[in-house]
Every structure is written in C-alpha cells, then in structure tokens.
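# An overview of the molecular structure
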Amino acid sequence: MGMISTELCEAIIDVAKDFNASGISVGKSGNISARHDNGFVITPSGLAYSELKPLDLIYCDLEGKVLSGEWQPSTEWPFHAAIYKTRNDIHAIVHTHSTYATALACRRQSIPAFHYMVAIAGGNSIDCADYATFGTDTLSENVVNALADKRACLMANHGQIATGDNVDDAYALAHEVESLARQYSICLQTGEPVLLDDVEMQVNLEKFKTYGKQHRLK
Ligand SMILES: [Zn+2]
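The sections below set out a description of the structure shown in this document. (Residues numbered from 1 in each chain as written. Predicted model: local features only at pLDDT ≥ 70, side-chain atom pairs only at ≥ 80, totals over all residues. Heavy atoms only, no water.)

For Asp37, which is not a glycine, the phi torsion comes out positive at approximately 55°. Relative to the helices and strands, Asp37 resides in the loop between β1 (31-36) and β2 (39-42). Classification of Asp37 by relative accessible area gives exposed; the value is 56%. With a phi angle near 55°, Arg108 is a residue other than glycine that sits in the positive phi range. As for its placement among the helices and strands, Arg108 is situated in the loop between α3 (99-106) and β6 (128-129). (Helix = DSSP H or I, 4+ residues; strand = E, 2+ residues; numbered from the N terminus. Buried < 20%, exposed > 50% of the residue type's maximum accessible area, 1.4 Å probe, protein only.)

Set out below in structure tokens:
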C-alpha cells in the first residue's frame, strides 16, 4: 500500500467493522471506498468485514485496474469509479443494503420531502436509481443520474449509496438515509405524510450548508 495513508485505511476499516455491528449491513453485502490520488481505495470482494485489515484494501484507478492490493476489488467497484469520475466534490462512498432503504428501493420509491432532514442529502428528495444488474455500466449510469448533484440515492431492488467529504461523513449519511427510510416507511403505513414545499426545503438546504460545522461559543 505504501503511499496510502494509515489514517485513510483505518477510517475504511473502522466503518467496515461497524457495518455488521451496527446492523446497517448484513453479511458481506455493501462496500466502502475513498478517493486516493488518481483513483480510489476500496474494500475487497467477499472477505468478512469483522476480519478486514488495512492490507486487504485495494487501490484501483478509475478504470478499475488494481494498482496495489492482494485481492479483487468489490464487484461493485464500477459505480464507485463512475461517481468519482463525474463528481469532483465527492471523496468517499458508502454502499449498503440497509433494511428500510432497501425496502423502499424494492418498491422503486424515492424519499420525498416528508422531513426537513431529507435536505442533509443535498436536495428536496433522495431519489431511487433505475434497476440494472449489479456491477454493470448501466447501473453506474443509473446511479450517477439518480445522485445528480446530491449526496445520496437509493438503488432499485438493491440498496442505497451515501457519499461525503470523507469516509466518516459518508457513513454518517448512510445512517441518516436509513433512519429517514425507516421513518418514511412507518408514515406510509398510516397514510401519506404531509410534504414540505420547495420554498421550505430551500431554507433547509441553505441551513445544511453550515450544519455540523461546530464552533465554540467561548
Ligand atoms: Zn450492493
């Protein structure tokens, strides 16, 4: 791995270890990546997250060519590459088959502005990408389209993708998306929730530009 920073590898491993522990991802599903140099570092295909070590991570270029690492990259590397190619503002990606996000995605349902926290993903809704077989170029295109200029999307009959400035950001957003999907699913059981209008969502989007940037008052 050499030139890849220990911090970057540890950030990915920490999230990988929390995948099963937190319940956001079951078994070996899901994957994590971070932009590095001219490519990205990604989790390997088919290894147990609880046993993952920094040396198990793979460094690929944006065409999926392995530059360092001993394993094959996650079979879902193509959409990671597609996102890094098209979105210079994104530096980390977390993909999970989290239960509620996936349940909505199996109905090919987007998450509308039913709660102001939807704005944390950077838009008025968290949209569901059209279905395509995993690992295909078509799925990559569909994901890039659903993300548009936002930070998260659902994937039809598959799961969700959350992105960020770094791995911790992307992972925190994955949990927010799952929480919103859960709240929205529960709303739908008793009827249609009242949606916030575009004007109010614009206010929320502005507020989220400074959200999480904490500073001491004294
Ligand atoms: Zn997947």
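Those protein atoms acting as donors to the zinc ion are Glu76 (OE), Glu76 (OE), His95 (NE2), His97 (NE2) and His158 (NE2), and they sit at 2.1 to 2.6 Å. Written as a sequence motif, the donor residues of the zinc ion are E-x18-H-x1-H-x60-H. Taken as a pair, Glu76 in the loop between β4 (66-68) and α2 (77-86) and His158 in the loop between β7 (152-155) and β8 (159-164) lie far apart in primary sequence, 82 residues in all. Residues Glu76 and His158 agree in their burial class; the two are buried. (Donors = N, O, S within 2.8 Å, 3.2 Å for Na, K, Ca; no water.)

So, on to the nonpolar core. Burial of nonpolar side chains together is a common tendency in soluble globular proteins. If you look at the biggest cluster of nonpolar residues, it comprises 49 residues, and the most contacted ones within it are Phe19, Ile32, Ile111, Ile126, Leu154 and Val167. At the level of elements, α1 (6-22), β1, β5 (92-96), α3, β7, α5 (167-190) and α6 (198-208) are the ones that each hand at least two residues to this core. For this core, the element with the highest residue contribution is α5, accounting for 9 residues. With sequence-adjacent residues up to four places away left out, Ile126 is seen in contact with Ser110, Ile111, Val118, Ala121, Ala152, Cys153, Leu154, Val177 and Leu180. (Core = buried A, V, L, I, M, F, W, Y, C linked by side-chain atoms within 4.5 Å. Contact = heavy atoms within 4.5 Å.)

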